[in-house]
Amino acid sequence: MPPRVPSSHKPFRVALLTGGGDCPGLNAVIRAAARSAFALGWEVFGIESGFEGLLSKRAHQLHPRDVRGIIHLGGTILGTSNRVSPFRVERLKGDGSPA
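Read on for a plain summary of the structure. (Residues numbered from 1 in each chain as written. Predicted model: local features only at pLDDT ≥ 70, side-chain atom pairs only at ≥ 80, totals over all residues. Heavy atoms only, no water.)

### Things to note about the sheet that holds strand β2 (residues 43-47)
Next, step 1: Taken in spatial order, the three strands line up as β1-β2-β3 in an open sheet, and their pairing is mixed. Two strands bound the open sheet, and with one partner strand each, they are β1 (13-16) and β3 (59-62). Neighbour to neighbour, the strand axes of the sheet diverge by 30° on average, direction disregarded.
Next, step 2: Across four bridges, β2 lies against β3 in antiparallel orientation. Bridging across to β3, Val44 finds its partner in Leu62.
Next, step 3: In this fold helix α1 (residues 26-39) packs onto β1, β2 and β3, with an angle of close to 175° to the strand it touches most, β1. (Pairing = 2+ DSSP bridges. Helix = DSSP H or I, 4+ residues; strand = E, 2+ residues; numbered from the N terminus. Axes fitted to C-alpha atoms, helices over the stretch in contact; angles between N-to-C directions. Contact = heavy atoms within 4.5 Å.)

### Focus on the packing of aromatic side chains
Next, step 1: Following the criterion strictly, the structure yields one aromatic pair and no others.
Next, step 2: Geometrically, the ring pair formed by Phe12 and Trp42 is tilted, given 5.4 Å between the ring centres and 55° between the ring planes. Taken together, the residues Phe12 in the segment before β1 and Trp42 in the loop between α1 and β2 connect sequence positions 30 residues apart.
Next, step 3: On the accessibility criterion, Trp42 (30% relative accessible area) is partly exposed. (Phe/Tyr/Trp six-rings, centres within 6.5 Å; stacked < 30°, edge-to-face > 60°. Buried < 20%, exposed > 50% of the residue type's maximum accessible area, 1.4 Å probe, protein only.)

### A short note on the pattern of salt bridges
Next, step 1: Applying the stated rule across the entire model yields one salt bridge.
Next, step 2: When the shortest N-O distance is used, the salt bridge between Glu43 and Arg13 registers 2.6 Å. On the criterion of sequence distance, the pair formed by Glu43 in strand β2 and Arg13 in strand β1 is long-range, its members being 30 residues apart. (Salt bridge = Lys/Arg side-chain N within 4 Å of Asp/Glu carboxyl O.)

### Describing α1
Next, step 1: Its 14 residues place the ends of α1 20 Å apart at the C-alpha level, agreeing with the 20 Å of an ideal helix rising 1.5 Å per residue.
Next, step 2: Among the residues making up α1, those that are buried are Leu26, Asn27, Ile30, Ala34, Ala37 and Phe38. The arc that holds every buried residue of α1, seen down its axis, measures 100°, which confines them to one face.
Next, step 3: Buried positions along α1 lie against β1, β2 and β3. (Expected span 1.5 Å × (residues − 1). Arc of directions from axis to C-beta.)

Next comes the structure, spelled out in structure tokens:
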């Protein structure tokens, strides 16, 4: 049994993202990672639509009920995208102007 985080501590947070296109087993990986984090008392967030969702800040908190019964589903419950590269993003200064 993994150690529990003491209740006086702020919980850790982890975000799960599936990027680069679908492949078999993504939902099983999401479920396993989320359940491991839940067992440690961590908060889990799912990033929607891969790196596109990360860059546009589309995320939602996952709960145990969200990952129950997803292993047999095709694709990924989070969605994925291979259209956006996180390495080709325009960098901005603090005031929003191009760097």
